[in-house]
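Architecture and fold: a report
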Amino acid sequence: AQSVTQLDSHVSVSEGTPVLLRCNYSSSYSPSLFWYVQHPNKGLQLLLKYTSAATLVKGINGFEAEFKKSETSFHLTKPSAHMSDAAEYFCVVSDQGTASKLTFGTGTRLQVTL
Amino acid sequence: DAGVTQSPTHLIKTRGQQVTLRCSPKSGHDTVSWYQQALGQGPQFIFQYYEEEERQRGNFPDRFSGHQFPNYSSELNVNALLLGDSALYLCASSQAGTLVTYEQYFGPGTRLTVT
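Attention here is on the structure that accompanies the text. (Residues numbered from 1 in each chain as written. Chains lettered and ligands numbered in written order. Predicted model: local features only at pLDDT ≥ 70, side-chain atom pairs only at ≥ 80, totals over all residues. Heavy atoms only, no water.)

Notes on the sheet that holds strand 7 (residues 64-68) of chain B
All names here are of chain B.
- One open sheet accounts for four strands, arranged 1-3-8-7; its pairing is antiparallel. Bordering the open sheet on either side are strand 1 (5-7) and strand 7, each of which pairs with just one other strand. For this sheet the average axis-to-axis angle between neighbouring strands, irrespective of direction, equals 20°.
- As judged from the five bridges shared by strand 3 (residues 19-24) and strand 8 (residues 74-78), these two strands associate in the antiparallel manner. (Pairing = 2+ DSSP bridges. Helix = DSSP H or I, 4+ residues; strand = E, 2+ residues; numbered from the N terminus. Axes fitted to C-alpha atoms, helices over the stretch in contact; angles between N-to-C directions.)

So, in structure tokens, the structure goes:
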């Protein structure tokens, strides 16, 4: 069975400071891992994905994540937050053995303040 | 290039009624997955369709059924609606047959309210 745990339900940062959103995963197979972002009243947008290639993954809008198998983690980071980054972020896992079913975490709401 | 489209945008139904939601996948995609996102929660997998057949199903009752058409578009049907079915229903499309890629593109969703 696959699952993800997002360690923080809410994160607040000041504009221009670093962002860290934490995610731990559990998977019986070699997982594919994703981060999606959801702005209010909008659909889900893929930020980045890990699919067993480079462990440091770069995504859109300056976000990146590092796959750490020993820690079963896939934390999302950004060096400098922007007001437009305020949104809900979902860590997602897919087992290769489950034909691309996605399992979502409960989400982390990122608040960016001036 | 059109992305994933869903209709309708919003829908209000009464308990016990039936509803049909529609999804058109991104151009070039042949697989459609449906997810339910309750308020304040992450999306939950309902089922996935490929080659007009249900390929995988999540932990949802038989009241939830679907269909995929030859043009890859899909419908989600929910019978005997309950108040707890109120949620945002998301459709995602992807391309099967490609190695390792499980990237799914999501539509904007249909907001279903059951009263």
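Continuing now.
Examining unusual backbone geometry
- Here the amide bond leading from serine 7 of chain B into proline 8 of chain B is cis, since omega sits at -10°, within 30 degrees of zero.
- Mapped onto the elements, proline 8 of chain B comes out in the loop between strand 1 and strand 2 (10-13).
- At asparagine 61 of chain A, a position not held by glycine, the phi torsion is positive, near 55°.
- Locating asparagine 61 of chain A in the fold gives a position in the loop between strand 7 (56-58) and strand 8 (64-68).
- By relative accessible area, which is 51% here, asparagine 61 of chain A ends up exposed.
- Of note in this structure, alanine 80 of chain B is not a glycine but carries a positive phi near 45°.
- Within the secondary structure layout, alanine 80 of chain B lies in the loop between strand 8 and strand 9 (87-94). (Buried < 20%, exposed > 50% of the residue type's maximum accessible area, 1.4 Å probe, protein only.)

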